[in-house]
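Structural overview for review
Each chain is listed here by its residues.
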Amino acid sequence: INPTDDTIARHAALNARFGNVSLSAERLEVEKTTYYACVRFLRAPTFLRMLGCDVLLTDIDVTYPRDPAPFLDDPRVQEADAVMRFYDKVRVARSTMRGDLVYRYPRILPWSHVNAACLVLRNTANGMEFADLVRDEMARHLDELMKYPGSGWWADQNALLAVYRTIKRDRPHVRVVNVED
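Now for a quick tour of the structure. (Residues numbered from 1 in each chain as written. Predicted model: local features only at pLDDT ≥ 70, side-chain atom pairs only at ≥ 80, totals over all residues. Heavy atoms only, no water.)

What follows deals with the overall build of the protein chain. When helices and strands are counted, the protein chain shows six helices and six strands. When its helices and strands are written in sequence order, the protein chain yields α-α-β-α-α-β-β-β-β-α-α-β. Its C-alpha atoms give the protein chain a radius of gyration of 17 Å, near enough to 16 Å, the size a compact globule of 181 residues would have. The principal-axis extent of the C-alpha atoms belonging to the protein chain is close to 45 × 40 × 35 Å. The buried share of the protein chain, reckoned over its 181 residues, is 34%. Relative to all contacts within the protein chain whose residues are 6 or more apart in sequence, the contacts with residues 24 or more apart total 72%. With the model as given, the accessible surface of the protein chain reaches about 11300 Å², and the carbon-plus-sulfur share is 54%. Of note, the protein chain has its 25 positive side-chain charges centred 3 Å away from the centre of its 25 negative side-chain charges. (Helix = DSSP H or I, 4+ residues; strand = E, 2+ residues; numbered from the N terminus. Rg over C-alpha atoms; globule rule 2.2 N^0.38 Å. Buried < 20%, exposed > 50% of the residue type's maximum accessible area, 1.4 Å probe, protein only. Contact = heavy atoms within 4.5 Å. Areas by Shrake-Rupley, 256 points an atom, 1.4 Å probe, with all protein chains shown as cover. Lys, Arg positive; Asp, Glu negative; His and termini not counted. Charge placed at Lys NZ, Arg CZ, Asp CG, Glu CD.)

To continue, consider the packing of aromatic side chains. Scanning the model with the defined rule gives one aromatic pair in all. When the ring of Phe-86 is compared with that of Tyr-164, the centres are 4.4 Å apart and the planes differ by 50 degrees; the resulting orientation is tilted. Highlighted residues: Phe-86 in strand E2 (residues 82–86) and Tyr-164 in helix H6 (residues 155–170), separated in sequence by 78 residues. The pair Phe-86 / Tyr-164 is uniform in exposure class, with both members buried. (Phe/Tyr/Trp six-rings, centres within 6.5 Å; stacked < 30°, edge-to-face > 60°.)

Moving on, we get to the layout of surface pockets. If you add up the space inside the largest pocket, you get close to 2200 Å³. Taken together, 42 residues line the largest pocket, and the ones lying closest to its centre are Ser-22, Ser-24, Tyr-36, Thr-58 and Ile-60. Contributions of two or more residues to the lining of the largest pocket are made by helix H1 (5–18), helix H2 (32–51), strand E1 (55–58), strand E5 (114–121) and H6. The element contributing the most residues to the lining of the largest pocket is H2, with 12 residues. Each residue belonging to the lining of the largest pocket can be placed in one class, and the counts come to 22 nonpolar, 12 polar and eight charged. (1 Å grid on protein atoms, 1.4 Å probe; cavity = no way out; pocket = protein on both sides within 12 Å on 5 of 7 lines; lining within 4 Å. Points joined across faces, edges and corners; volume = space filled by probe spheres on them. Nonpolar A, V, L, I, M, F, W, Y, C, P; charged D, E, K, R; others polar.)

Attention shifts here to the sheet that holds strand E6 (residues 176–178). As summarised here, the arrangement of the four strands in space is E1-E5-E2-E6, forming an open sheet in which the pairing is mixed. Both outer strands of the open sheet, E1 and E6, are each paired with one neighbouring strand and no more. With direction set aside, neighbouring strand axes in the sheet form an average angle of 25 degrees. As defined by bridge partners, E2 adjoins E6 across three bridges and the pair is classed as parallel. If you follow Met-84 over to E6, its bridge partner there is Asn-178. Those strands touched by helix H5 (residues 125–147) are E2, E5 and E6, and its axis lies near 140 degrees from that of E5. Across the sheet, H6 lies against E2, E5 and E6, angled at about 65 degrees from E5, the strand it touches most. (Pairing = 2+ DSSP bridges. Axes fitted to C-alpha atoms, helices over the stretch in contact; angles between N-to-C directions.)

What follows is about the pattern of salt bridges. The full count for this structure, using the stated rule, is 12 salt bridges. Asp-6 is the partner of Arg-10 in a salt bridge, and the nearest nitrogen-oxygen pair spans 2.9 Å. With a gap of four residues between them, Arg-10 and Asp-6 both fall in helix H1, about one helical turn apart. For Arg-10, a relative accessible area of 56% gives the class exposed. A salt bridge links Asp-156 to Arg-40, with the nearest nitrogen and oxygen atoms 2.8 Å apart. Here Asp-156, found in helix H6, pairs with Arg-40, found in helix H2; they are 116 residues apart in sequence, far enough to count as distant. As far as burial versus exposure is concerned, Asp-156 and Arg-40 are alike and both buried. Counted as one network, the salt bridges with shared partners bring together Arg-49, Asp-132, Arg-135 and Asp-136. (Salt bridge = Lys/Arg side-chain N within 4 Å of Asp/Glu carboxyl O.)

In structure tokens, the structure reads:
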């Protein structure tokens, strides 16, 4: 949103180094944090259609200490239509940075049951159905959120939770997998 000359120069450098690095930008007078958290979900079906491959959507501050390709190639991911993080039971994992044990507990507040930091949308008919549902859920609320700066915190998680509940209730053919599993 409203890229600076430095942002455009960094994109050019990345594209020169790695090739095929795309940048989409918009010039808008909006509350940027809420808009960014939401717009990736509004555009998700377009990404799937245009790219014709699986799409990994992340928060803007997500970094990968190693290549995410092995995760995306995991058979559990390949058998799903969408992959996201749920905090539905206690899990113990190793920290990727220091090797310490990390305990993940179920969350109390509804909007924190899911995490929007990592969402994989598979290039399947059901993956597109999931992406369409997320887009529609987000679109229902974004105009209202933009009227009140700072009110959109957790909007992305709320939309994902609403869609997940819809999938579980009405569309069991859409296979959603927990990244924690």
